[in-house]
Structures are given as structure tokens and as C-alpha cells.
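Structural overview
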Amino acid sequence: MYLLDTDTLSRLHAGNINVVARLKAVEDSEVGITIITKAEVLRRRIDYLLKAETGGDLLKAQELLFRTEEFLRELLIIPINQAA
């Protein structure tokens, strides 16, 4: 399994060609994130939504949140356990 941190996940979601190429080059095709990374990404999107100052900003923030949620559904999410 290949675990992504928050910065790498954000770059992947944005389509960064270096991150995409690196993931294609790794032998293990299973890609995941920790629940902490998921929380960090969603918190950023929700903060952006709550701070929207115009209707246009609100619509953009909403769309980004929906797209991020959809993207996250495609990834394996590693939960925290007692040992962690």
C-alpha cells in the first residue's frame, strides 16, 4: 500500500503531473490515506465554504467540497487504532 500525506493528496487531486507519474511508477497500485489526512482535507474545504464572502465564492467552495468528497471515496482510508 502507498499512503499519501495531505500535501501529496492535494497535488494529486489538482492533477500535478509529477505526483501522477510517481504513482504510476510504484509497483503497489493500492493507494490510501489516513483518517487524519481525510480530516485535514475536509476541514480546509469546509473552512473555505464557511468563509465565502459572495454567492459566487459560496458556489465555488461548495463545488470544491463535493469534488473532494467524491475523490476521497475512491481512496482507502486507514483508521486510527489503539496501537497507533
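A few points on the structure. (Residues numbered from 1 in each chain as written. Predicted model: local features only at pLDDT ≥ 70, side-chain atom pairs only at ≥ 80, totals over all residues. Heavy atoms only, no water.)

Focus: the sheet that holds strand β3 (residues 76–78)
The three strands are arranged β1-β2-β3 in an open sheet whose pairing can be described as parallel. In this open sheet, the two strands that pair with only one neighbour each are β1 (2–3) and β3. Pairing analysis gives three bridges linking strand β2 (residues 31–34) to β3, with the strands arranged parallel. The partner of isoleucine 33 across the bridge, within β3, is isoleucine 77. (Pairing = 2+ DSSP bridges. Helix = DSSP H or I, 4+ residues; strand = E, 2+ residues; numbered from the N terminus.)

A closer look at the pairing of β2
Relative to β2, β1 is paired through two bridges, and the arrangement is parallel. If you follow leucine 3 over to β2, its bridge partner there is glycine 32.

Description of a nonpolar patch on the surface
Judged by side-chain polarity, Met1, Leu3 and Leu76 come together as a nonpolar surface patch covering roughly 260 Å² of accessible area. Turning to its location among the elements, leucine 3 is positioned in strand β1. (Patch = residues over 30% accessible without salt bridge, like charges linked within 9 Å, V, L, I, M, F, W, Y side chains within 5 Å. Areas by Shrake-Rupley, 256 points an atom, 1.4 Å probe, with all protein chains shown as cover. Salt bridge = Lys/Arg side-chain N within 4 Å of Asp/Glu carboxyl O.)

Concerning the environment of threonine 8
Summarising the element assignment, threonine 8 is placed in helix α1 (residues 6–13). In sequence terms threonine 8 and valine 19 are 11 residues apart; their C-alpha atoms lie 7.1 Å from each other. A distance of 2.7 Å separates polar atoms of two side chains, one belonging to threonine 8 and the other to aspartate 5. (Polar contact = N/O pair within 3.5 Å; in protein donor to acceptor, adjacent residues only side chain to side chain.)

Some details on the nonpolar core
Ranked by size, the top nonpolar core spans 13 residues in total, and within it Leu4, Leu9, Leu12, Leu23, Ile33, Leu72 and Leu75 carry the most contacts. For this core, the elements supplying multiple residues, two or more each, are α1, α2 (17–25), β2, α3 (35–50) and α4 (55–73). Here the element with the most residues in this core is α4; it accounts for three residues. Beyond its immediate sequence surroundings of up to four residues, leucine 72 is in contact with Leu9, Ile33, Lys38, Leu42 and Ile77. (Core = buried A, V, L, I, M, F, W, Y, C linked by side-chain atoms within 4.5 Å. Buried < 20%, exposed > 50% of the residue type's maximum accessible area, 1.4 Å probe, protein only. Contact = heavy atoms within 4.5 Å.)

Observations regarding the packing of α1 against α3
Put simply, α1 and α3 touch, their axes get as near as 9 Å, and they point 60° apart. Overall, the two elements α1 and α3 adopt an arrangement that is oblique. In this structure, the crossing between α1 and α3 has a hand that is right-handed. Note on element contacts: α3 touches α1 through Thr37, Glu40, Val41, Arg44 and Arg45, opposite Thr6, Leu9, Ser10 and His13. Here the contact of α1 with α3 is built from residues that sort into two nonpolar, four polar and three charged. (Axes fitted to C-alpha atoms, helices over the stretch in contact; angles between N-to-C directions. Parallel < 35°, antiparallel > 145°, perpendicular 65-115°, else oblique. Left-handed = near helix turned anticlockwise from the far one by under 90°. Nonpolar A, V, L, I, M, F, W, Y, C, P; charged D, E, K, R; others polar.)

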